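Structure at a glance
Here are the chains, one letter per residue:
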Amino acid sequence: MWRVRRAVVACEVCQSLVKHSSRIQRNLPLQKLHLVSRSIYRSHHPILKLQRPQSRTSFQQFSSLTNLSLHKLKLSPIKYGYQPHRNFWPARIAARLLKLRYIILGSAVGGGYTAKKTFNEWKDMIPDLSDYKWIVPDFIWEIDEYIDLEKVRKALPTSEDLANLAPDLDKIAESLSLLKDFFTAGPKLVSELIEASGPLLLLGSPGETAFRAKDHGSESDKHYKKVSDKEKIDQLQEELLHTQLKYQRILERLEKENKELRKLVLQKDDKGIHHRKLKKSLIDMYSEVLDVLSDYDASYNTQDHLPRVVVVGDQSAGKTSVLEMIAQARIFPRGSGEMMTRSPVKVTLSEGPHHVALFKDSSREFDLTKEEDLAALRHEIELRMRKNVKEGCTVSPETISLNVKGPGLQRMVLVDLPGVINTVTSGMAPDTKETIFSISKAYMQNPNAIILCIQDGSVDAERSIVTDLVSQMDPHGRRTIFVLTKVDLAEKNVASPSRIQQIIEGKLFPMKALGYFAVVTGKGNSSESIEAIREYEEEFFQNSKLLKTSMLKAHQVTTRNLSLAVSDCFWKMVRESVEQQADSFKATRFNLETEWKNNYPRLRELDRNELFEKAKNEILDEVISLSQVTPKHWEEILQQSLWERVSTHVIENIYLPAAQTMNSGTFNTTVDIKLKQWTDKQLPNKAVEVAWETLQEEFSRFMTEPKGKEHDDIFDKLKEAVKEESIKRHKWNDFAEDSLRVIQHNALEDRSISDKQQWDAAIYFMEEALQARLKDTENTIENMIGPDWKKRWMYWKNRTQEQCVHNETKNELEKMLKFSEEHPAYLASDEITTVRKNLESRGVEVDPSLIKDTWHQVYRRHFLKTALNHCNLCRRGFYYYQRHFIDSELECNDVVLFWRIQRMLAITANTLRQQLTNTEVRRLEKNVKEVLEDFAEDGEKKVKLLTGKRVQLAEDLKKVREIQEKLDAFIEALHQEK
């Protein structure tokens, strides 16, 4: 009976399948049939039996059936006889078809679900590479200009063609319903069919499907061991870790390949083979904005809220090592326990064909692939830091700007700050700790600054100072990234590994952060290369328990992941805040421009540098104007100045002593001796001093005299400083005095007056000199005796007691001179006593010294008046001079003396004028140019000498305009990159 029932059921199923197959044959072409249906159609179609089988489609190549080894159906052989085989072939066909359909449907459903889940899991494990589109060369995005993508698209199969290759799901559903009825009607038949086909056990669980083959006849002997949940979890974690590390290595390999490709592309850019749309990279443009802001306000007190990555940490926490790993070069100076970072260092990381570094204010490039250039760069950074630090200080707020370029570098701007210290040690300034705190706070209080907090993992977290400081500046941790360094030492030395996890998760201290990272910065050897440190870091984390026990996740370790995260956070912050900052500077620019128009409507907006250049041109023009002074003007000024300087010596030390002699021979002898002594010792030096002072006066006159309406008093302080510094540097030629001494000595030796004109000129010169001296003497006597009766009557002035005594003494001495007009220059002792007694008789008490002082002035006036009268007599004495005053009572040797002095002055003035115009003016011009060049390089000098509201307003306006223009250009480039 069971054979009959099985045959009946099989016949019913086969009839339905045959009808279904015949319907497919009539209505659909071969290409639209299901895989199984095609096989059926192909086996029964008389024409297609000899045709070549079609090639597999892409769906067939990746089907789960390709991995199955299908067993042949074990059907009993057909015996030919009188039995009509038409009663049994449907059953055999049904059994074969049922087995194939069962295998196909089970594999399709289970294998499809497993493939979908596996695909989703692997897709989640692959890192998001969408942010690395910039790594792809520009010509990839411009490929549509070289390849006609429209033709390629038309050549590809359409969606209808692809649908024709896909299975017919409706037919599969119909077959499933038939199989369901069949399973309900004949479970024994199904079990027999399964046994006949070499059963396949379908083991499934939610989310997992697997096929396992079971040997026939041994299903009761073989059992699968059940593993515990913990072991499954450990196994899955181990597989996940290996998978992550595998993809990490793949990513590193791709990055390395991309780095080489980018290097080749950028090298082509340098050679002009491939022209990029953007001349400068985004990060370079952004760095220029920050440099201009730093110059605009070095104290960091403006509304500058542009993002920076601020690197803070305790001293020797590993800040420098982390930065060097990110920059991929050992660029910072280092010392064992000594403070090396003494001022902020702004490092701009950008992409370039070669791994180089250069300073903002220098054109020299340091090749970071060469050890000698690295050593020179570290030395230069150390020198700049020490130069920034003022005397008596340890750290400085002045920033050193450094650009580092190289293929594959993450684009960002980092500011390395001095390490936070807890105690001021010997050799440090007392305010070092407070200064470091103020510098760190100034950078961290920027609401858009990204704080990279570096914590030493090898020491106790409780000893850290920087975490409290970061918590104060960013209490919610919205812009803080925490980095634990020296994790290898921490894992080795810390007794409880969970403590590292607590530090990483921020549970050990009340500091919140956006992300937490753990890095290894080498084995502590300063000579290690970056590549060696990276290999050591990767090897450590591959074998670290922190990853195997899931205390750390794979994306939280290595400086590579850290640099990617910091770069992403930096650019996200830049995109969110840069436009707002640009609007802020636009408003500031409008306010400054309005203020300028209201206060200085007719003046150009010149900043300090432009004003300095304008003043420099004016000063050089004024120096050149010295060469246009006429020789006559130079000689007149020099002669007059020299006589003013030596007139007192000539009158007091040469003329008066010689004039008081008894005869002309003694007079000439005295004059010659004194002139020789004067020429050898004092006269040449006095002449050079006079010439130098004259040059200074003329230079000052050209520099400071008003130029009418064009005069700008804003340059006065600068011109005065340039004048003083130039004069200080200028020195007269050392050989000038020697040559001048010979000339002056020869001039004074000449006593020959050639004509009456020279004689009259000498008398005029003598009269002027004596009258000037007489006038000075009378002023001295007036100050000594007080105002006369006219001044007392008209101006209501009175004499003092001392002036009355001087007046009485003067009157008594004048009486003495009236009785003896040829009295010698000195009073005798008995004369002094007589004068004193005469005064005492009138009730005036005097001292002998007072009598002598008064006599000196009284006799001097008397002598000068006598000399002037003698000059008048000598006007007609030229005839007697030509006869050497023979047989003449008139002797005019004093006129000859003044002629000799006058001629010496003229020759000296001429010689000094030649030295001035030929040599000294040019040397002074050279000194002025050197001073101006020195001032041009000294920013502090410019700020000190060019001051005022106008200068500061123009300076601020120019800086704000420059900042705003650079920000607009950066924003435009940022939009283009998007």
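For clarity, every value in this text was computed on a predicted model and none was experimentally measured.

To continue, consider the overall build of the protein chain. Assigned secondary structure in the protein chain consists of 35 helices and eleven strands. For the protein chain, buried positions account for 43% of its 978 residues. Relative to all contacts within the protein chain whose residues are 6 or more apart in sequence, the contacts with residues 24 or more apart total 78%.

Bringing the nonpolar core into the picture now. Ranked by size, the top nonpolar core spans 101 residues in total, and within it Trp759 and Ile901 carry the most contacts. The element contributing the most residues to this core is helix H33 (residues 893-937), with 17 residues. Non-local contacts of Trp759, meaning those with residues more than four positions away in its chain, are made with Ile753, Cys874, Arg875, Gly877, Phe878, Tyr881, Phe885, Cys892, Val895 and Val896.

Before going further, it helps to examine the pattern of salt bridges. By the definition in use, this model includes 39 salt bridges. Measuring nitrogen to oxygen at the nearest pair gives 3.2 Å for the salt bridge that ties Lys966 to Glu288. With a gap of 678 residues between them, Lys966 in helix H35 (residues 949-977) and Glu288 in helix H11 (residues 282-296) connect regions that are remote in the sequence. Among the residues examined, Lys966 registers a relative accessible area of 23% and is labelled partly exposed. Here Glu288 falls in the partly exposed class, since its relative accessible area comes to 26%. A salt bridge links Arg741 to Asp738, with the nearest nitrogen and oxygen atoms 3.3 Å apart.

Backbone hydrogen bonds are what pair the strands of a sheet, in a parallel or an antiparallel way. The strand order across the open sheet built from nine strands is E6-E5-E7-E4-E8-E3-E9-E10-E11, with neighbouring strands paired in mixed fashion. Pairing within the sheet leaves two strands with one partner each, and these edge strands are strand E6 (366-367) and strand E11 (515-518). Bridging between strand E5 (residues 356-359) and E6 involves two bridges; their strand directions are antiparallel. Paired with Val356 across the two strands is Asp367, which belongs to E6. Along the sheet face, helix H15 (residues 466-473) touches strand E3 (309-313), strand E9 (450-456) and strand E10 (480-485) and points at about 160 degrees away from the line of E9.

Attention shifts here to a nonpolar patch on the surface. The grouping of Trp789, Trp793, Met794 and Tyr795 at the surface amounts to a nonpolar patch, some 630 Å² of accessible area in total. Tracing the sequence through the fold places Trp793 in helix H28 (residues 789-795).

This part takes up the state of the cysteines. Covalent bonding between the sulfur atoms of two cysteines defines a disulfide. Enumeration according to the criterion identifies one disulfide in this entry. A disulfide bridge connects Cys874 with Cys892, and the sulfur atoms are separated by 2.1 Å. Here the S-S torsion is close to -100 degrees, and the disulfide linking Cys874 with Cys892 is therefore left-handed. Here Cys874, found in helix H31 (residues 848-874), pairs with Cys892, found in the loop between helix H32 (878-882) and H33; they are 18 residues apart in sequence, far enough to count as distant. The residues Cys874 and Cys892 share a single accessibility class, namely buried. The thiol of Cys871 is not disulfide-bonded; the next cysteine sulfur, from Cys874, is found 6.5 Å away.

For the rest of this paragraph, the subject is the environment of Glu635. Positionally, Glu635 belongs in helix H22 (residues 631-659). For the pair formed by Glu635 and Leu905, sequence separation is 270 residues and the distance between their alpha carbons is 9.4 Å. In contact with Glu635, other than residues within four places in its own chain, are Ala909, Asn910 and Arg913.

Okay, the side chain of Gln744 next. Turning to its location among the elements, Gln744 is positioned in helix H26 (residues 736-749). Owing to a relative accessible area of 1%, Gln744 belongs among the buried residues under this scheme. Excluding residues within four positions of it along the chain, Gln744 makes contact with Thr679, Leu683, Pro684, Ala687, Met904 and Thr908.

Time to look at the pairing of strand E8 (residues 412-416). Burial within E8 is extensive, with five of its five residues counted as buried. Side chains Met412, Leu414 and Asp416 project from E8 onto one buried face, and the interleaved Val413 and Val415 project onto a second face that is buried too. Note: E3 against E8, three bridges, orientation parallel. Bridged to Val310 within E8 is Val415. Pairing between strand E4 (residues 345-350) and E8: five bridges, direction antiparallel. Bridging from a neighbouring strand, Val345 pairs with Asp416 of E8.

The buried fraction of helix H12 (residues 319-327) is high, at nine of nine residues. Of the positions making up H12, those classed as buried are Lys319, Thr320, Ser321, Val322, Leu323, Glu324, Met325, Ile326 and Ala327. Phi turns positive one or two residues past the end of H12, at Gln328, with a value near 65 degrees.

A complete count under the given rule lists 17 aromatic pairs for this structure. Grouped by ring-pair contacts, the aromatic residues Trp643, Tyr655, Phe765, Trp855, Tyr859, Phe863 and Phe898 constitute a single cluster. Of note, Arg384 hangs over the ring of Phe359, and the distance from its end group to the ring centre comes to 4.0 Å. One cation-aromatic arrangement involves Lys942 over Phe612; the distance from NZ or CZ to the ring centre is 5.2 Å.

All right, on to the environment of Pro397 then. Structurally, Pro397 is set in the loop between helix H13 (371-388) and strand E7 (400-405). Taking the C-alpha atoms as reference, Pro397 lies 6.3 Å from Ile439; in sequence the two are 42 residues apart. Excluding its chain neighbours within four sequence positions, the residues that come into contact with Pro397 are Pro344 and Ile439.

Let us now look at the packing of H22 against helix H27 (residues 756-785). Between H22 and H27, the shortest axis-to-axis distance is 11 Å and the interhelical angle comes to 85 degrees. Between H22 and H27, the crossing angle belongs to the class labelled roughly perpendicular. Of the residues in H27, those in contact with Trp643, Ser647, Thr648, Ile651, Glu652 and Tyr655 of H22 are Phe765, Met766, Ala769, Leu770 and Arg773. The class makeup of the residues in the contact of H22 with H27 is seven nonpolar, two polar and two charged.

This next bit is on the pairing of E11. Sheet faces and side chains relate simply in a regular strand, where the side chains alternate between the two faces. The side-chain alternation of E11 yields two buried faces, one formed by Gly515 and Phe517 and the other by Tyr516 and Ala518. Inspection of the sheet shows E10 paired to E11 by four bridges, in the parallel sense. By the bridge assignment for E11, Leu484 is matched with Ala518.

Here we take up unusual backbone geometry. For residues other than glycine, phi is negative in most cases, and the peptide bonds are mostly trans. Of note in the backbone geometry, Gln328 takes a positive phi value of approximately 65 degrees without being a glycine. Given the relative accessible area of 24%, Gln328 is considered partly exposed. With phi around 55 degrees, Lys486 is a residue other than glycine that occupies positive phi space.

Once that is clear, we can look at the environment of Glu831. Among the structural elements, Glu831 can be located in helix H30 (residues 829-841). Judged by relative accessible area, which is 21%, Glu831 ranks as partly exposed. When the C-alpha positions of Glu831 and Leu813 are compared, they lie 9.7 Å apart, and in sequence the two are 18 residues distant. Not counting residues up to four positions away in its chain, the partners in contact with Glu831 are Met816, His823 and Tyr826. Side chain to side chain, Glu831 and His823 meet in a polar contact 2.8 Å long.

What follows is about the confidence of the model for the protein chain. Of all residues in the protein chain, 69% attain a pLDDT of 70 or more, and the chain-wide mean is 75. Ignoring residues within four places in sequence, the model shows residues 182-226, a span with pLDDT below 50, making 47 contacts including any to other chains.

So, on to a positive patch on the surface. Taken together, Lys717, Lys728, Lys941 and Lys944 make up a surface patch of like positive charges. At the level of secondary structure, the elements contributing two or more residues to the positive patch comprise helix H25 (716-729) and helix H34 (939-945). The residue Lys717 is located in helix H25 in this model. A residue is classified by how much of its surface remains accessible, and Lys717, at 46% relative accessible area, is partly exposed.

Definitions and limits used
Residues numbered from 1 in each chain as written. Predicted model: local features only at pLDDT ≥ 70, side-chain atom pairs only at ≥ 80, totals over all residues. Heavy atoms only, no water. Helix = DSSP H or I, 4+ residues; strand = E, 2+ residues; numbered from the N terminus. Buried < 20%, exposed > 50% of the residue type's maximum accessible area, 1.4 Å probe, protein only. Contact = heavy atoms within 4.5 Å. Core = buried A, V, L, I, M, F, W, Y, C linked by side-chain atoms within 4.5 Å. Salt bridge = Lys/Arg side-chain N within 4 Å of Asp/Glu carboxyl O. Pairing = 2+ DSSP bridges. Axes fitted to C-alpha atoms, helices over the stretch in contact; angles between N-to-C directions. Patch = residues over 30% accessible without salt bridge, like charges linked within 9 Å, V, L, I, M, F, W, Y side chains within 5 Å. Areas by Shrake-Rupley, 256 points an atom, 1.4 Å probe, with all protein chains shown as cover. Disulfide = S-S within 2.5 Å. Phe/Tyr/Trp six-rings, centres within 6.5 Å; stacked < 30°, edge-to-face > 60°. Lys NZ or Arg CZ within 6 Å of the ring centre and 35° of its normal. Parallel < 35°, antiparallel > 145°, perpendicular 65-115°, else oblique. Nonpolar A, V, L, I, M, F, W, Y, C, P; charged D, E, K, R; others polar. Polar contact = N/O pair within 3.5 Å; in protein donor to acceptor, adjacent residues only side chain to side chain. pLDDT = per-residue confidence, 0-100. Lys, Arg positive; Asp, Glu negative; His and termini not counted. Charge placed at Lys NZ, Arg CZ, Asp CG, Glu CD.

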